[in-house]
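Letter by letter, the chains look like this.
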Amino acid sequence: MDLYLYNSLTRKKQAFTPIKSGMVGLYTCGPTVYNYAHIGNLRTYIFEDILKRVLLYNGYAVKHVMNITDVGHLTGDRDMGEDKMEAGAAREGKSAWEIAEYYTQSFKKDIELLNILAPDVWVKATDTLPEQIALIGTLEEKGYTYRTSDGIYFDTAQFKDYTKLSHQDLEALKEGARVERNPEKRNPTDFALWKFSPPGSKRQMEWDSPWGVGFPGWHLECSAMSMKFLGDQLDIHCGGSDHIDVHHTNEIAQSEAATGKPFFNFWMHGAFLIIQGGKKMAKSEGNFLTLENAFLKNDINPLVYRFASFLTHYRKPMEYSDEGIEAARNGLLHVQNQVRQIAVAGIGSEPSVNTEFKTKFIQNLNDDLNMPRAMATIQEMLKSKISDAQKYSTMLDFDRVLGLRLDQLDQAEALPEAVQKLVDARQQARQDKDFETSDKLRAEIEALGYQVQDTPDGMNVVKK
Ligand SMILES: [Zn+2]
């Protein structure tokens, strides 16, 4: 079955085929490790994880590379402002290297809690300086660079397809950039490949180069690393939609200028997380929630957030609210309870996945990762007439994509048989619209120490 993915480059859903048969090279832009990841950032990593799991589910081998930005990312995307790492170091009274190490570990812990599969290659920007310097050298030889008093810049006017990803209007950009433009830049879209350490001061992170002591521009690392580990023509590159206009546009320009070949065939971008009131979650907005302060501190399993993100398509903004998370918490609990019930029949029996529902599930996934529809298919399967043993096998097969750790549910948390009987009877009463019996059964369940919540997908029963 063909896998269709939305390609930001063509602005269309396209059938995906890897360059090398059976093997997909996947590059995902990683975190800048100067602070905790906020849950808006983490939404993007969950979307990328679903993409990777869907590729695996379709039978592809995947080589996944993720960078760790530990140098060179300034507070303004267009090479202005402070260095985020050095600012983080000053804020916390630590060295930039300590800050990088601390927040890298914190990020790795977050993705483990969200059951995001780790990349095959983690690579730090500071570990690929020779490759980044070599790439600047190639661009210089080909005439794409120029020197200003603060660095070596890429001349975007030399690269004719500069806006092929962003579809931006360059004239409007020039107008908009007049006010704060760096007067030495030839075009407002030009970007730094190498920045010099400021004269008379020593940075914590700086290196020698043929152009002088300094540090690489932020966009350079992703080009250098993806080509180092995946080759110079690649399959899928992902990131947040805020990367389209500057970061990914610049990656394409410098990579294709250097190699003369198309860089990645597919570019995929996850939409923002917005908080109530419509604001984008961003560190600069001061409204950022982390897994720690929004979930762990409130004793909510981070997988609730993973589950919540399945309910909005990755290309649509996802609204975050306490009510939304409470609903996702009940939704996940409900699925877990459903799985616990069928596990009784399923564990130890010969696994047999239901092909009809599996086909439907893959159709949903292969239609540009339509997780909301895949979740509906799951409920349809769980409520169908197929045997519990088959439901269980099918559910565990689906969990290769969902990543909800449904094979690790604690059966001790399953409902006792007496409660389960009442729950089944109440389910029947509700279907029959016999509300009197339903209310009576609810009281009986509650008398046994359980709480009953009615959700659109059915009943949730949890210990009080
Ligand atoms: Zn990147």
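To keep things clear, this report deals only with the structure shown in the data block. Because the structure is predicted, anything quoted here is derived from the model rather than measured. For every chain, the first residue of its written sequence is number 1, and the numbers climb from 1 along that sequence. It should be noted that, the model being predicted, local features are given only for residues of pLDDT at least 70 and side-chain atom pairs only at 80 or more, the latter also being counted only at that level, while totals for whole chains, interfaces and linings use all residues. With hydrogens and water set aside, each side-chain value is computed from the structure's full complement of heavy atoms.

## Considering the side chain of Glu-251
Where helices and strands are cited, they refer to DSSP runs of H or I of at least four residues and of E of at least two residues respectively, numbered from the N terminus. Within the fold, Glu-251 resides in helix H7 (residues 244–259). Buried and unpaired, Glu-251 has no salt bridge, with Lys-164 as the nearest side chain of opposite charge at 12 Å. If sequence neighbours within four positions are ignored, Glu-251 has contacts with Cys-29, His-219, Cys-222, Ser-223, His-237, Phe-263 and Trp-267. When accessible area is computed with a 1.4 Å probe and restricted to protein chains, residues below 20% of their type maximum are described as buried, those above 50% as exposed, and intermediate ones as partly exposed. By the counting scheme adopted, Arg and Lys are positive, Glu and Asp are negative, and His together with the chain ends is not counted. Salt bridges, as used here, are contacts in which a Lys or Arg side-chain nitrogen is within 4 Å of a carboxyl oxygen on Asp or Glu. Note on contacts: a residue pair qualifies if any of its non-hydrogen atoms lie within 4.5 Å across the two residues.

## Overview of the sheet that holds strand E8 (residues 191–196)
Across the sheet, which stays open at both edges, the four strands sit in the order E6-E7-E8-E9 with antiparallel pairing between neighbours. Only two strands of the sheet have a single partner each, and these edge strands are strand E6 (145–148) and strand E9 (214–216). Going from strand to strand, the sheet's axes swing by 25° on average, the running direction of each strand aside. As paired strands, E8 and E9 are joined by three bridges and run antiparallel to one another. Looking at the pairing, Lys-195 lines up with Phe-215 of E9. Contacts from helix H4 (residues 129–141) reach E6, strand E7 (151–154), E8 and E9, with the element oriented near 120° to E8. We treat two strands as partners when DSSP finds at least two bridges between them. Lines fitted to C-alpha atoms define the axes here, with helix axes fitted over just the stretch in contact, and angles between the N-to-C directions of these axes take values from 0 to 180 degrees.

## Observations regarding the packing of aromatic side chains
Here a Phe, Tyr or Trp ring, Trp counted by its six-membered ring, pairs with any other such ring whose centre lies within 6.5 Å, and the pair is stacked when the planes are under 30 degrees apart, edge-to-face when over 60, and tilted otherwise. Inspection of the entire model under this criterion finds 19 aromatic pairs. Ring geometry for Tyr-146 and Tyr-153: centres 6.1 Å apart, planes at 25°, overall stacked. Accessibility classification places Tyr-146 together with Tyr-153 in one group, the buried group. Taking the ring centre of Tyr-102 as reference, the NZ or CZ of Lys-94 above it sits at 4.8 Å. The residue whose ring lies beneath Lys-108 is Trp-122, and the NZ or CZ to ring-centre distance is 4.7 Å. In this scheme, the term charge over a ring applies when either NZ of a lysine or CZ of an arginine sits within 6 Å of the ring centre and within 35 degrees of the ring normal.

## Here's the deal with helix H6 (residues 218–230)
Compared with the 18 Å implied by 1.5 Å per residue over 13 residues, the 19 Å span of H6 between its first and last C-alpha is a close match. Across the 13 residues that make up H6, a large majority, eleven, are buried. Trp-218, His-219, Leu-220, Glu-221, Cys-222, Ser-223, Ala-224, Met-225, Ser-226, Met-227 and Leu-230 are the residues of H6 that are buried. Count one or two residues on from H6 and you reach Gly-231, which has phi positive near 95°. A helix is expected to span 1.5 Å multiplied by its residue count minus one.

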